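This is what each chain is made of:
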Amino acid sequence: MSLVADRVEPSTKMDVPESESQADERNRSLIKISNFDFFYGDKQALFDINMDIAEREVTAFIGPSGCGKSTLLRCINRMNDLIDIARIGRGNVQVNGVDVYDERVDATELRKRVGMVFQKSNPFPKSIYENVVYGLRIQGINRKSVLDDTVERCLKGAALWEEVSDRLDTSGLSLSGGQQQRLCIARALAVEPDILLMDEPCSALDPVATAKVEELINNLKNRYTIVIVTHNMQQAARVSDKTAFFYLGNLIEMNATVQIFMSPEKEQTEAYISGRFG
């Protein structure tokens, strides 16, 4: 039961107009959530969620605190399994056509394919180098040439290589807040996920560091499917292709980001976007 999407390498042939079938493949749904209910004990947190998340796009979840957006994000890679009272009701969450809550799916393997970056940067008390290769070492990969290549590739991918390449043996905890968050992104990339989940990745960062992370998100979407939870509506408008608005555990509206911010279909969405509540 594979959760890995086959990646299509860019063609080296002369550019030709994109056919409908090619466009459909490029925009195919990698994550599909259907009639999904979720509970913490007896309290229902998510109600009948239905959404498709396209491959190699950035999807933003917005809404007031406690509306269920982070809960849904953590359902995609089953991080909520770590909470004793958490449980699903009906419905399912599919990644690449596989129900992630199927009993045959190993949650650890799932999280290799669906990486996560948390609200507060959490580098390990190890060197920058060892932070990046941590996931590979857990998998038993210790060949130095492989680890070296991974460190350089992922730090470059996280736009951090030029800043730290001459001090890879120093502690990851010695980096600034923004650098630590990008180090955590590099660590997530090292195990080559298909999907990257980001839960308020810039909430603790200053504007300069936030701009660097947002630029990084824009670059990474060429290779990864990204889902980001943010309270910052300007950030959602800057980085996302699609935006989903949640309220009281319900998905109120999901559409192209330009549509959501310029001409939302639902009155609740318009009220939140305009600042009348939330």
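Everything below is about the structure shown above.
Residues numbered from 1 in each chain as written. Predicted model: local features only at pLDDT ≥ 70, side-chain atom pairs only at ≥ 80, totals over all residues. Heavy atoms only, no water.

Caption draft 1: The arrangement of the nonpolar core in detail. Grouped together as the largest cluster of nonpolar side chains are 45 residues, with contacts concentrated most on Leu155, Ile185 and Leu196. Sequence-distant contacts of Leu196, that is, excluding residues within four places in its chain, are made with Gly115, Met116, Val117, Ile185, Ala188, Leu189, Leu220, Thr225, Ile226 and Val227. Listed in part, the 32 residues of the second largest apolar core include Leu46, Ile49, Ile76 and Val105. (Core = buried A, V, L, I, M, F, W, Y, C linked by side-chain atoms within 4.5 Å. Buried < 20%, exposed > 50% of the residue type's maximum accessible area, 1.4 Å probe, protein only. Contact = heavy atoms within 4.5 Å.)

Caption draft 2: Quick peek at the packing of helix H4 (residues 128-138) against helix H7 (residues 177-189). Relative orientation of the contacting elements H4 and H7 amounts to 35°, with a least axis distance of 7 Å. Taken as a pair, H4 and H7 cross one another with a handedness that is right-handed. Counting all contacts with H4, which are made through Ile128, Asn131 and Val132, the residues of H7 involved are Leu183, Ala186 and Arg187. (Axes fitted to C-alpha atoms, helices over the stretch in contact; angles between N-to-C directions. Helix = DSSP H or I, 4+ residues; strand = E, 2+ residues; numbered from the N terminus. Left-handed = near helix turned anticlockwise from the far one by under 90°.)

Caption draft 3: Main features of the pairing of strand S10 (residues 242-247). As judged from the four bridges shared by strand S3 (residues 58-62) and S10, these two strands associate in the parallel manner. Directly across from Thr59, in S10, lies its bridge partner Lys242. Inspection of the sheet shows S10 paired to strand S11 (residues 250-256) by six bridges, in the antiparallel sense. Bridge pairing links Phe245 to Glu253 in S11. Between the end of S10 and the start of S11, which pair antiparallel, lie two residues, with Leu248 showing a positive phi angle near 50°. (Pairing = 2+ DSSP bridges.)

Everything listed is a geometric property; what it means functionally is a separate question.
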